[in-house]
Amino acid sequence: MAKLTVNNYDELAARLGEKLGESEWLLVDQERINLFADATLDHQWIHVDTERAAVESQFKSTIAHGYLTLSLLPHMWQEIMEVNNLKMMVNYGMDKMRFGRPVLVNSRVRLVATLNSIENLRGVCKAGIKFQIEIEGERKPALEGIATFLYYFE
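Not measured: the values here are computed from a predicted model. (Residues numbered from 1 in each chain as written. Predicted model: local features only at pLDDT ≥ 70, side-chain atom pairs only at ≥ 80, totals over all residues. Heavy atoms only, no water.)

### Observations regarding the overall build of the protein
On a plain count of helices and strands, the protein comes out with six helices and eight strands. The order of α-helices and β-strands along the protein, N terminus first, is β-α-β-β-α-α-α-α-α-β-β-β-β-β. Counting over 154 residues, the protein shows a buried share of 38%. Put simply, 71% of the contacts in the protein that link residues at least 6 apart link residues at least 24 apart. Just so you have it, the protein exposes about 8,800 Å², and 47% of that area is on carbon and sulfur atoms. (Helix = DSSP H or I, 4+ residues; strand = E, 2+ residues; numbered from the N terminus. Buried < 20%, exposed > 50% of the residue type's maximum accessible area, 1.4 Å probe, protein only. Contact = heavy atoms within 4.5 Å. Areas by Shrake-Rupley, 256 points an atom, 1.4 Å probe, with all protein chains shown as cover.)

### Description of the environment of Asp49
By secondary structure assignment, the location of Asp49 is in the loop between helix H3 (45-48) and helix H4 (50-56). We classify Asp49 as partly exposed; its relative accessible area is 30%. Taking the C-alpha atoms as reference points, Asp49 and Ile33, separated by 16 residues in sequence, lie 11 Å from one another.

### As for the pattern of salt bridges
This model, assessed by the stated rule, comprises seven salt bridges. Residue Arg15 pairs with Glu18 through a salt bridge whose shortest N-O separation is 3.3 Å. Exposure remark for Arg15: the relative accessible area of 31% places this residue in the partly exposed category. Classification of Glu18 by relative accessible area gives partly exposed; the value is 33%. (Salt bridge = Lys/Arg side-chain N within 4 Å of Asp/Glu carboxyl O.)

### Digging into the side chain of Thr148
Mapped onto the fold, Thr148 is located in strand E8 (residues 143-153). Look at Thr148 and you get buried, because its relative accessible area is 8%.

### Side note on the packing of aromatic side chains
Scanning all chains against the criterion turns up four aromatic pairs. Between the aromatic rings of Tyr67 and Phe99, the centroid separation amounts to 6.1 Å while the plane-to-plane angle is 85°, which identifies the pairing as edge-to-face. Of the two residues, Tyr67 sits in helix H5 (residues 66-71) while Phe99 sits in strand E5 (residues 86-99), which places them 32 residues apart along the sequence. Aromatic pair Phe149 and Tyr151: ring centres 6.2 Å apart, planes at 70°, arrangement edge-to-face. Clustering of aromatic rings is evident, with ring pairs tying together Trp77, Phe149, Tyr151 and Phe153. (Phe/Tyr/Trp six-rings, centres within 6.5 Å; stacked < 30°, edge-to-face > 60°.)

### Looking at the nonpolar core
Core analysis: the biggest nonpolar cluster contains 37 residues, and Leu12, Trp77, Met81, Val109 and Tyr151 have the highest contact counts within it. Not counting residues up to four positions away in its chain, the partners in contact with Tyr151 are Leu12, Trp77, Met81, Val83, Leu86, Met88, Met89, Val124, Cys125 and Ala127. (Core = buried A, V, L, I, M, F, W, Y, C linked by side-chain atoms within 4.5 Å.)

### Considerations on unusual backbone geometry
With a phi angle near 60°, Lys60 is a residue other than glycine that sits in the positive phi range. Following the sequence through the fold, Lys60 ends up in the loop between H4 and H5. The residue Asn85 is not glycine, and still its phi comes out positive at about 60°. Residue position: Asn85 is located in the loop between strand E4 (81-83) and E5.

This is the structure in structure tokens:
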């Protein structure tokens, strides 16, 4: 699916209820998990101790932090949609967010996004993006919810 380009509120509003796109698949390897652990100071063994996880974890491998999976959303979102004529964009909140499956090390994930809601708040575009972060080869998503962004168009 090609990257969607939006230039103003009306162009985005015309896509209400539509699938906006899918990102490319992204590898979640042990290096990425370790760097996230260092950045967040969350070094729980299920994430970083490969030897222990192979023996003691029900998954028989390390798993990505749930918040690492969530933190990949902005990168993958940029692969789906380009918004032109912006002064700025602000993350407003998350709703109905659920972690459905753990992301095992060396899995690939991608974002699938749908425009769930849109409002014009006195010139500010409030867009609710229903998202799923899928794991390649798995039926159940790693993470799903609704991300709300505020777009300040010029």
